[in-house]
Amino acid sequence: TTGASTSTVGFIFAALPSAAFVASFPTACLVKSCGPPLALSVGLLLLAVSTLGFGLSRSVLGWLAWRCVQGAATAPIYTSVNCILAATFRGPGEFEQASAWQATVVYLGYTLGPIFGGSLFQFGGFLAPFALSAICHLLFVLLTDGLGDTLPYDKDEVLLPGDSDSSLASSTSATLWEVCSPRVVLLVGAAFLVQGMYGTLDPSIATHFRACLGDVSSAIVGMLISLMTFIPALLAAPVVLLLPGAQAYLIAVGLCLMALVALIFGGSDPSGPMVTSDLDVGSRVQWVSQLFALVLIGVGTAMAWTPVLPEMLKVSAVRVAELRGEASPALDAVTIPISAVFNAGAAMGEAAGSVLGGRLVEVVGFGNALLLLAVVCSAFAFLLAISELMKSQHPGDFIAVKHRGRSSSTGFPSQYGSLDLPYPPHPEGINITSTCESC
């Protein structure tokens, strides 16, 4: 509405993930000190106000400012939700499934949001979709406050020094240096690349479709773009059942599929070096290649994105236990810092894709930029797979762990599945019934 250029619009969209990246680590302290429920309410309230402010603004500077506030508001929301899910779903495989369903809801929002938002914009003007969104966020604030006593965050359950079995439980939140092992950094890199791919495609994909498919309508372009988020919404839940105990390989395969997507998009674009007579604008080959790429990016996203956070928690929990000489994987100690690291990596990827990827498209063209991205994704997938192959294996006995009155000797019978640990079994098991506050 102000005649902003394409690059300016890109900076406006990149403002939210950039602010989310900056706020991820400070807001982790807020979650730790106030608890996830209160931090969630604060984030939702701030997001409601900033969303309404964005709708009321009519200048580029105002939009940039409110987008930054929106980004800062999302940081405590994401971290709090992850902590509450981790405290709620503690049984074998439960957290993976909970994270997958969360991803399903998020991607459905990405799919349906533009449809409803566009309809509201058409009938109610620029302010309408933002005003309705602000109202919904306020309703969620009331809902969160109303359910505060029922959320799994009971200070009385936390094992403190001096309590029974407290010497066996980790009641101190892990530091960033403790959780950021090379494997965790690699996993964060996967989240960075997934979001970076979408950040790169968002400003240019509509132009690419018209360059490849001809003068198609905006409705057709919108339907094609919606496939990028609708397919991972369908596949996020079932994909966690694949390769149990070897999620890093699943992530690597997903990144390889996304590299193939970038290769197809880059190779089919008229600005790329691989266009032949068979790829004439609007040809059947072009339609098939674009649809095939859209299906692949959905499958690749589900595989490369969904398992990342559970795998990061699993890896860091074992690492912190080893560093501290504890016999129990320090799940509760790593939930907040790992959530912050994960959210920061994803936000940085989205921001970098919007700004750096968009700039790269302007300099070398969409086709060449996507071919370069294909090389990066495939190389990173290879590095992740090699790292998984080379990691040290501990043939030690499994540890019996108690979960809220349930015990198991499957090694690591938490939400992350069984895992060999280099410690002898404890005769009475390890009590890790503490909740998120022990982070």
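Residues numbered from 1 in each chain as written. Predicted model: local features only at pLDDT ≥ 70, side-chain atom pairs only at ≥ 80, totals over all residues. Heavy atoms only, no water.

Caption draft 1: Spatial organisation of the pattern of salt bridges. Applying the stated criterion to the full structure yields five salt bridges. Residue arginine 183 pairs with glutamate 311 through a salt bridge whose shortest N-O separation is 3.7 Å. Residue arginine 183 is located in helix H7 (residues 182–201), and its partner glutamate 311 is located in helix H12 (residues 308–324); the two are separated by 128 residues in the primary sequence. Using a relative accessible area of 22% as the deciding quantity, one classes arginine 183 as partly exposed. Lysine 314 is paired through a salt bridge with glutamate 311; the nearest N and O atoms lie 3.2 Å apart. In this pair, lysine 314 and glutamate 311 both sit in helix H12, three residues apart, roughly one turn of the helix. Residue lysine 314 is classed as buried on the basis of its relative accessible area of 7%. A relative accessible area of 3% means that glutamate 311 is categorised as buried. Salt bridges here are not isolated pairs; linked through shared partners, they connect Arg183, Glu311, Lys314 and Glu388. (Salt bridge = Lys/Arg side-chain N within 4 Å of Asp/Glu carboxyl O. Helix = DSSP H or I, 4+ residues; strand = E, 2+ residues; numbered from the N terminus. Buried < 20%, exposed > 50% of the residue type's maximum accessible area, 1.4 Å probe, protein only.)

Caption draft 2: Region of interest: the packing of helix H3 (residues 60–88) against helix H4 (residues 94–124). Taken N-terminus to C-terminus, the directions of H3 and H4 make an angle of 145 degrees; their axes are 9 Å apart at the nearest point. Regarding H3 and H4, the two cross each other, and that crossing is right-handed. Of the residues in H4, those in contact with Val81, Asn82, Leu85, Ala86 and Thr88 of H3 are Glu94, Phe95, Ala98 and Gln102. For the contact of H3 with H4, the residue count by class is five nonpolar, three polar and one charged. (Axes fitted to C-alpha atoms, helices over the stretch in contact; angles between N-to-C directions. Left-handed = near helix turned anticlockwise from the far one by under 90°. Contact = heavy atoms within 4.5 Å. Nonpolar A, V, L, I, M, F, W, Y, C, P; charged D, E, K, R; others polar.)

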